[in-house]
Every structure is written in structure tokens, then in C-alpha cells.
Amino acid sequence: MKKIVAALLSTTTIAGIMATGTIARAEQVIDGREGETSGDVLVRGIIGEFDNTTPGPNPEDLDQWINVTIPTTALFYTTKASNHTTITSPEHTITNNSAVGVIASVSGVDTPTNMAEVDSLKVNTIDLFEDGKPTETVAELFRLQGNQGTNEGKFTFTGKVTPVNASAELNPTFKLVLSFSPNVA
């Protein structure tokens, strides 16, 4: 019975490794009292440049899995219909090119300019600005599957402003700082 269970566990472990491209932390017990004196260990290697777009064993540095495409610029604006008091934006896309999942997070904002009239600004549900000042927010934006799954995430901006002069254009700017981590669990 123990041999059948061990064989099933070994087969399941190997199937899991092959399906996910990651090594499951499983062990097997070789028990001489049961007449067992040997066992098999699956060995996987990486030779040559690591390709993070194809399934395979994890590299020593898991950050090597990160391979995403982000926009170089993003846009938000107010509308005449709201008397230029409501912030909206088009959808912006982040694409995971990696074979494993990636967690996309907002790490903060950098170099804000002309933000005094912004009462509140969010990216998806994450607060970025309040009363013209950046909020100290570090939060998960979304999780993306590997390139064989749902590998695109969308973000938009929403918020409120109190324009000093709604008939004159003001161009606030800041850098949205994003960070990424592999999701190999």
C-alpha cells in the first residue's frame, strides 16, 4: 500500500512540475524496512540564456521571470459635461510576457507637478493624490497569469478636481511608479 501511495505521489509531483514549469517541494521516503533501497529524483537544468517567456524550471533569482510591457505614457482628463470637475481616462494596458504569473503593484508617485487643483486621484481603486498631495500608498494593482492565460491587466484614472479656471488648460504631471514580482506559488 505504501508503494502505491508513493508511486501516486511521485507521478502527481512530476505531472505538477511538467504542467506548471515549477518545482514542487515534495519529498519521498525510501524505507529499507519495506524492501526499498532506491528512488528516482527528477533533475531539471537550464543551459544557455534563461528564456522567461517559456515554461521551465525556476532560475535562482526568481525576478528573472519578470517580463512585462507597460505604457510609456498614460493620460487622465476632465470633461466639459462634468464642468471639468470629474477626472476620467482611457484604459491603459499592462501585458505579462512571462511564462509565469506576475503581481503588478503601485509603489507610489514621483515628481508631481501642477497637482494643487486635484482633490482626489485614483488608479483603479488605489488612492494616489488627496488635496493635491501624493498619498503614501503601496498596493497591489492586479495579478496577471502567465502568457498562456489572462496576461493583460487594465488600469484607469478617476477622481475629482476643483479648477481655479475651467476655461484654461492646466497640465498636471507625475510619474506612476509600478513594481512587479513573479507569482510562482
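Heads up: these notes are all about the structure in this document. (Residues numbered from 1 in each chain as written. Predicted model: local features only at pLDDT ≥ 70, side-chain atom pairs only at ≥ 80, totals over all residues. Heavy atoms only, no water.)

**Section: the overall build of the protein**
Now for step 1: A tally of regular secondary structure across the protein gives one helix and 12 strands.
Now for step 2: Residues counted as buried form 29% of the 185 residues belonging to the protein.
Now for step 3: For the protein, the proportion of contacts with a sequence separation of at least 24, taken over those separated by at least 6, is 67%.
Now for step 4: Total accessible area on the protein is roughly 12100 Å²; 53% of this is exposed by carbon and sulfur atoms. (Helix = DSSP H or I, 4+ residues; strand = E, 2+ residues; numbered from the N terminus. Buried < 20%, exposed > 50% of the residue type's maximum accessible area, 1.4 Å probe, protein only. Contact = heavy atoms within 4.5 Å. Areas by Shrake-Rupley, 256 points an atom, 1.4 Å probe, with all protein chains shown as cover.)

**Describing the side chain of Glu-36**
Now for step 1: Within the secondary structure layout, Glu-36 lies in the loop between helix 1 (2–20) and strand 1 (68–69).
Now for step 2: A polar contact is formed between the side chain of Glu-36 and the backbone nitrogen of Asp-31, at a distance of 3.3 Å. (Polar contact = N/O pair within 3.5 Å; in protein donor to acceptor, adjacent residues only side chain to side chain.)

**Re the pairing of strand 10 (residues 152–155)**
Now for step 1: What you see with strand 10 is a clean split: Gly-153 and Phe-155 sit on the buried side and Glu-152 and Lys-154 on the side with no burial.
Now for step 2: Relative to strand 10, strand 4 (residues 92–96) is paired through four bridges, and the arrangement is antiparallel. Residue pairing in the sheet places Thr-93 in a bridge with Lys-154 of strand 10. (Pairing = 2+ DSSP bridges.)

**A closer look at the pattern of salt bridges**
Pairs can form between side chains of opposite charge once their charged atoms are near each other.
Now for step 1: Applying the stated criterion across every chain yields a total of four salt bridges.
Now for step 2: The closest approach of N and O atoms between Arg-33 and Asp-31, which form a salt bridge, is 2.9 Å.
Now for step 3: Of the residues examined, Asp-31 reaches a relative accessible area of 14% and is grouped as buried.
Now for step 4: Two residues, Lys-154 and Glu-152, come together in a salt bridge whose shortest N-O distance is 3.9 Å. (Salt bridge = Lys/Arg side-chain N within 4 Å of Asp/Glu carboxyl O.)

**What about the pairing of strand 5 (residues 101–113)?**
Now for step 1: Across 10 bridges, strand 5 lies against strand 12 (residues 173–183) in antiparallel orientation. When the bridges of strand 12 are listed, Gly-108 appears paired with Val-177.
Now for step 2: Alignment of strand 5 against strand 9 (residues 139–144), held across five bridges, turns out to be antiparallel. Following the sheet pairing, Ser-105 is matched in strand 9 by Glu-140.

**Things to note about the environment of Glu-27**
Now for step 1: Secondary-structure assignment places Glu-27 in the loop between helix 1 and strand 1.
Now for step 2: Sequence separation between Glu-27 and Val-41 is 14 residues, and the spatial gap between their C-alpha atoms is 9.4 Å.

**Quick look at the sheet that holds strand 3 (residues 86–88)**
Now for step 1: Overall, antiparallel pairing links the six strands, which are arranged 2-3-11-6-7-8 in an open sheet. Because the sheet does not close on itself, it has two edges, and the strands there are strand 2 (77–78) and strand 8 (133–134).
Now for step 2: Taken together, the two bridges between strand 3 and strand 11 (residues 157–161) define a ladder with antiparallel strand orientation. Directly across from Ile-87, in strand 11, lies its bridge partner Gly-159.

**Some words on the nonpolar core**
Now for step 1: Membership of the largest hydrophobic core comes to 23 residues, with the highest contact counts inside it found for Leu-121, Leu-141 and Phe-174.
Now for step 2: Breaking this core down by element, the ones donating at least two residues are strand 5, strand 6 (118–123), strand 7 (126–130), strand 9, strand 11 and strand 12.
Now for step 3: Here the element with the most residues in this core is strand 5; it accounts for four residues.
Now for step 4: Each residue touching Leu-121, except ones within four places of it in the same chain, is listed here: Phe-76, Ile-87, Met-115, Ile-126, Asp-127, Leu-128, Phe-129, Phe-157, Thr-158, Gly-159 and Phe-174. (Core = buried A, V, L, I, M, F, W, Y, C linked by side-chain atoms within 4.5 Å.)

**Some points on the packing of aromatic side chains**
Now for step 1: As enumerated under the stated definition, the model contains six aromatic pairs in all.
Now for step 2: Here Phe-155 and Phe-157 contribute two aromatic rings whose centre-to-centre distance is 5.9 Å and whose plane-to-plane angle is 90°, an arrangement assigned as edge-to-face.
Now for step 3: Phe-155 sits in the buried class, given a relative accessible area of 2%.
Now for step 4: The buried category is assigned to Phe-157, whose relative accessible area is 3%.
Now for step 5: Members of the aromatic cluster, joined through ring pairs, are Phe-76, Phe-129, Phe-155, Phe-157 and Phe-174. (Phe/Tyr/Trp six-rings, centres within 6.5 Å; stacked < 30°, edge-to-face > 60°.)

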